[in-house]
2 protein chains.
Amino acid sequence: MNELTGAIGVPRDAQKEWVRGRARVMAVPDRSRQVIPACVGPVQHGASMVARHPVTGQCLTAETDDAPPVDVDLARCYVPVHSRWTSPTATIKGGRMAKLTIRDIAALSGLSKSTVSLVLNNSPKVDPATRRHVLAVMRRNRYVPSFAATALAKGSTRLIGMVVPGLSWHMVASINLGVAAVTEQHGFDIILYTATNDRDYGSLIDRVLTSSMSSGLLVVSHEQPLEPLVQLHQEGMPVVLVNTIDADVALPSVTADNYDGARTAMDHLMQLGHERIACVQGLMRYRCCQDRYRAYLDALREAGIQPDPELTKPGDFVPEQIRARSRELFALPADQRPTAVFAQSDVTAYGVMTAAAEAGLRVPEDVSVLGFDDIESAAQIRPPLTTIQQPFVEMGKRAAELLLSEIGTNDDDPGTGAEPVGEKPLADLPRLVMPTSLIVRASCGPAPVTRSRRGRSQTTKA
Amino acid sequence: MNELTGAIGVPRDAQKEWVRGRARVMAVPDRSRQVIPACVGPVQHGASMVARHPVTGQCLTAETDDAPPVDVDLARCYVPVHSRWTSPTATIKGGRMAKLTIRDIAALSGLSKSTVSLVLNNSPKVDPATRRHVLAVMRRNRYVPSFAATALAKGSTRLIGMVVPGLSWHMVASINLGVAAVTEQHGFDIILYTATNDRDYGSLIDRVLTSSMSSGLLVVSHEQPLEPLVQLHQEGMPVVLVNTIDADVALPSVTADNYDGARTAMDHLMQLGHERIACVQGLMRYRCCQDRYRAYLDALREAGIQPDPELTKPGDFVPEQIRARSRELFALPADQRPTAVFAQSDVTAYGVMTAAAEAGLRVPEDVSVLGFDDIESAAQIRPPLTTIQQPFVEMGKRAAELLLSEIGTNDDDPGTGAEPVGEKPLADLPRLVMPTSLIVRASCGPAPVTRSRRGRSQTTKA
DNA sequence: CTGAAAGCGCTTACAG
DNA sequence: CTGAAAGCGCTTACAG
């Protein structure tokens, strides 16, 4: 009996055969790609060597090439010997176990691949008992279908791409929570593309397309031109914008009702008796900031108050600028100074509050400050910030639902994926606008009495 | 000439043929899955109809079934007619264009699939001119290789899974930034698994395994038992823990140096003359919080100060509790009251500052407050928070690098993937501990003079 | 209800 | 340097 030293291989011509009852295996040199070192077990049955199936643990007897085949009973330890063991990709490296395939499960459960596949796909055509049996075999052997093979055969990946900006993570986090909740429900996974800066974004979109692996795209607060996406969408790729920054793009979108939110904020302030209300703006090239500012102006005008241009300050979401502009606000003579400030974001509000403190003004006694977003720390700072909450989680959910319906999940609903898209008019694209909510905390109080009845105009010249 | 009304199909037996020079195509009924409505173009060359290749725009003449084939010169408008057009997955729905395959590129450039594939894989064996030509054809036709097919053939997905908790998003965001930077560099993409709550986590891990699509796993701040992951890792799946919460898990990990960070924090406070320093703890079942607390105690002891148990308060990262426990701290008689508080997180520090304000104490004049994390708003609040910054971005980068080296990217480095993993001793697992940095802002000041020289013990009983 | 066969779109030895 | 062929692990009509 030849003493082998740890290598067992399968002869090429045996690769496609299932070995039952009798094993015909040869020894191969160590450096061969056919070596299966991890599978070598103790000598048994008088054969020269035994290979152990890496996952099932079942045995395959082996012998040297020149020795005659040894007759052993392998009926009870069925072992699939197929090319998997010797194929390049399946080469067992680092002791990593070879993965079972549908073939193994078929063999192990005594059925054909087709039947196993039908079980895998919940086909009603399979006998319940058969089904249970196959499922048991799978579970016992920790079988996991190959994602790539399934995707290739089915022609779809159950993967959606989510493109997010490198910053604004409170928002991204909440949106993701919503998205994850619904994608999980439908058996989709998310592949995350993070735009780290402007330069990367173009190549990022390229990547998304190049990888060709997502069935749809969720684009969060894009900072970059959307033409490539529009084109993609017209070619049939499902795309949904969440919290879009542009105004009128020919793409389905989910946004917060920024106008209404800002109106609510202004109403709250005016109900507290404020009339000289300042606005520290965000990035005015964003649609959302434009909407919030429009609401600010409209609210004042409808209350019969002429907006004072002195009370509008650009902040651009840049901390230093926010503070500098706010200081100007608080350096105004007492009768021209605002009694309340509507900040277009919570972080902006923080800057306003800092400037107020520097000017010796108390919040909310001397000046009220109202934010937008309701970020995590808004409730924790002093004083807790009154703000407008954006429904990011809900927005994420709705966006994911929209996207999945465009993709057409193979659940019950057929999806709209079958409709032609190309020339759809702008008006027909779904555009969800989600309501915001006012979160009343402590940073807004009644307008100081001395100034609250000064007349119906913000401008001192009126 | 038969008038067709918009449907062109390919006869079954022609599916595998490339049609050169002469097209033999038949009309099919509208409801047939062979219909290619989007491809119908104007009549040309005396044929009854012309189909336009959906992507290349090239033409295929067609005629009714019973009409004789029309002889046209298609040599210059080469058209691949293969099963792709009529296969179930390729059915053109919603006007979505059929995707080009490697076959089309091969035909379009007059080469074999193999050569095109070699070009795709940057093989040096291809003639540079050939290469350029093929690349040009691909670009012109916007060819994108099928991700699924590549993954199946290559046996690897270039996808890594990232498991993140539903909360703590500042951290997740920063870590992701780092991870994304390095994965992008190596052509890997991230698939994001969000653990929304405890109950979901188990099934989430199941999903990760079941989907079988990632080549490796990055687990961020896991909240759940790690046994399944350890087992997975021993079976050969690359796994790296980032910011792990447990102490000694048999898994490679990247963490911040919490002990050292806390020591630095304490040193800063003590250099400012503080001796009665309180600690508001985070979740003490977390390794990081234990380390920070150990550092707190060690720092005091090494300075010859006996830690006063009264000055240690559990906060558990719960805002209400943090505030309540902090109030107890500030309700202490003046000589027992801490002059500084080391909060185990920035949000915890916010709670401490709120309680201080409620107690009429000024920060930092009456009491200094020091945080941990350096979250976004730490610089924006009043007063700006002095804190320990965790190098999350860097941690993400290193973790990704670690993971990729375990996977063995097919770049130049062979990776460590070839080594056996199974029985690796704990000590051999890579465990990166990244340095933190002290960010000095305004929330810490010198200890109040009246109490700064009271002797070397925190306890009043000493 | 089950099996044999062809196909999904790539990659990769193996021959020329 | 290029091409023909087999293979990756699934799915899906099509016959029984």
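Residues numbered from 1 in each chain as written. Chains lettered and ligands numbered in written order. Predicted model: local features only at pLDDT ≥ 70, side-chain atom pairs only at ≥ 80, totals over all residues. Heavy atoms only, no water.

1. Points about the confidence of the model for chain A
Interpretation of the predicted coordinates at a detailed level should be avoided for regions scoring low in pLDDT.
Next, step 1: Per-residue pLDDT for chain A averages 75, and the proportion of residues at 70 or more is 70%.
Next, step 2: Long-range and interchain partners of residues 410-423 of chain A, a stretch whose pLDDT sits below 50, account for 21 contacts in this model, where long-range means more than four residues apart. (pLDDT = per-residue confidence, 0-100. Contact = heavy atoms within 4.5 Å.)

2. Let's talk about the sheet that holds strand β5 (residues 189-195) of chain B
Next, step 1: Strand order in the open sheet formed by twelve strands is β14(A)-β8(A)-β7(A)-β6(A)-β4(A)-β5(A)-β5(B)-β4(B)-β6(B)-β7(B)-β8(B)-β14(B), with mixed pairing between adjacent strands. Both outer strands of the open sheet, β14 (431-434) of chain A together with β14 (431-434) of chain B, are each paired with one neighbouring strand and no more. Pairwise comparison of adjacent strand axes, ignoring direction, gives a mean angle of 20° for this sheet.
Next, step 2: Relative to strand β7 (residues 239-242) of chain B, strand β6 (residues 216-220) of chain B is paired through four bridges, and the arrangement is parallel. Across the sheet, the residue bridging to B:Val220 is B:Val242, located in β7(B). (Pairing = 2+ DSSP bridges. Helix = DSSP H or I, 4+ residues; strand = E, 2+ residues; numbered from the N terminus. Axes fitted to C-alpha atoms, helices over the stretch in contact; angles between N-to-C directions.)

3. Some thoughts on the relation of the copies chain A and chain B
Next, step 1: You can overlay chain A on chain B at an RMSD of 0.1 Å; the transform is a turn of 180° with a shift of 0.0 Å along its axis. Taken together, the rotation angle and the small translation identify this as a two-fold axis. Considering only C-alpha atoms, the residue of chain A closest to the rotation axis is A:Ile191, which sits at 2.1 Å.
Next, step 2: When the interface residues of chain A are mapped onto chain B, 100% of them again lie at the interface, so the same face is used by both copies. (Least-squares fit on C-alpha atoms with pLDDT ≥ 70 in both.)

4. Considerations on the interface of chain A and chain B
Next, step 1: Every contact between the two is made by 64 residues of chain A and, on the other side, 65 residues of chain B.
Next, step 2: Summed over both partners, the interface of chain A with chain B buries about 5,300 Å², with 58% contributed by carbon and sulfur atoms.
Next, step 3: Counting across the chain A and chain B interface gives zero salt bridges.
Next, step 4: For the side of chain A that touches chain B, the secondary-structure elements that each account for two or more residues are α4 (147-154), α5 (169-185), β5 (189-195), α6 (198-211), α10 (319-330) and α11 (346-358) of chain A.
Next, step 5: As paired strands, β5(A) and β5(B) are joined by three bridges and run antiparallel to one another. Bridging from a neighbouring strand, A:Ile191 pairs with B:Ile191 of β5(B). (Buried area = accessible area lost by both parts, 1.4 Å probe. Salt bridge = Lys/Arg side-chain N within 4 Å of Asp/Glu carboxyl O.)

5. Re the sheet that holds strand β13 (residues 386-389) of chain A
All names here are of chain A.
Next, step 1: Pairing in this open sheet of six strands is mixed, and the strands run β10-β9-β11-β12-β13-β15 from one edge to the other. Two strands lie at the open edges of the sheet, namely β10 (312-314) and β15 (437-439), each paired on one side alone. Taken pair by pair, the neighbouring strands of this sheet meet at an average axis angle of 20°, ignoring direction.
Next, step 2: Sheet topology places strand β9 (residues 277-281) next to strand β11 (residues 340-343); four bridges connect them, and they run parallel. The residue of β11 that forms the bridge with Val-280 is Ala-343.
Next, step 3: Along the sheet, helix α9 (residues 287-302) makes contact with β9, β10, β11 and β12 (368-373), crossing β9 at roughly 170°.
Next, step 4: Taken strand by strand, α10 contacts β9, β10 and β11, and its axis lies near 160° from that of β10.

6. Some words on the packing of helix α10 (residues 319-330) of chain B against helix α11 (residues 346-358) of chain B
All names here are of chain B.
Next, step 1: Closest axis-to-axis distance for the α10/α11 pair is 8 Å, and the angle between their directions is 45°. Here α10 lies oblique to α11, going by the angle between them. For the pair α10 and α11, the crossing hand works out as right-handed. Counted together, Ile-322, Arg-323, Ser-326, Arg-327 and Phe-330 of α10 and Thr-348, Gly-351, Val-352, Thr-354, Ala-355, Ala-356 and Glu-358 of α11 form the full contact between these two elements.
Next, step 2: Residues that form the contact of α10 with α11 fall into these classes: five nonpolar, four polar and three charged. (Parallel < 35°, antiparallel > 145°, perpendicular 65-115°, else oblique. Left-handed = near helix turned anticlockwise from the far one by under 90°. Nonpolar A, V, L, I, M, F, W, Y, C, P; charged D, E, K, R; others polar.)

7. Points about the nonpolar core
Inside soluble globular proteins, nonpolar side chains tend to come together where they are buried.
Next, step 1: With 85 residues, the main nonpolar core has A:Tyr296, A:Phe342, B:Tyr296 and B:Phe342 as its most contacted residues.
Next, step 2: Listed in part, the 58 residues of the second largest apolar core include A:Val240, A:Met395, B:Val179 and B:Ile407. (Core = buried A, V, L, I, M, F, W, Y, C linked by side-chain atoms within 4.5 Å. Buried < 20%, exposed > 50% of the residue type's maximum accessible area, 1.4 Å probe, protein only.)

8. Focus: the packing of helix α1 (residues 102-109) of chain B against helix α3 (residues 128-140) of chain B
Residues and elements named next belong to chain B.
Next, step 1: Packing of α1 against α3 brings their axes to within 10 Å, and their N-to-C directions diverge by 120°. When the interaxial angle is binned, α1 and α3 end up oblique. Seen along the crossing, α1 lies across α3 with a hand that is right-handed. Counting all contacts with α1, which are made through Ile-105, Leu-108 and Ser-109, the residues of α3 involved are His-133, Val-134, Val-137 and Met-138.
Next, step 2: Here the contact of α1 with α3 is built from residues that sort into five nonpolar, two polar and no charged.

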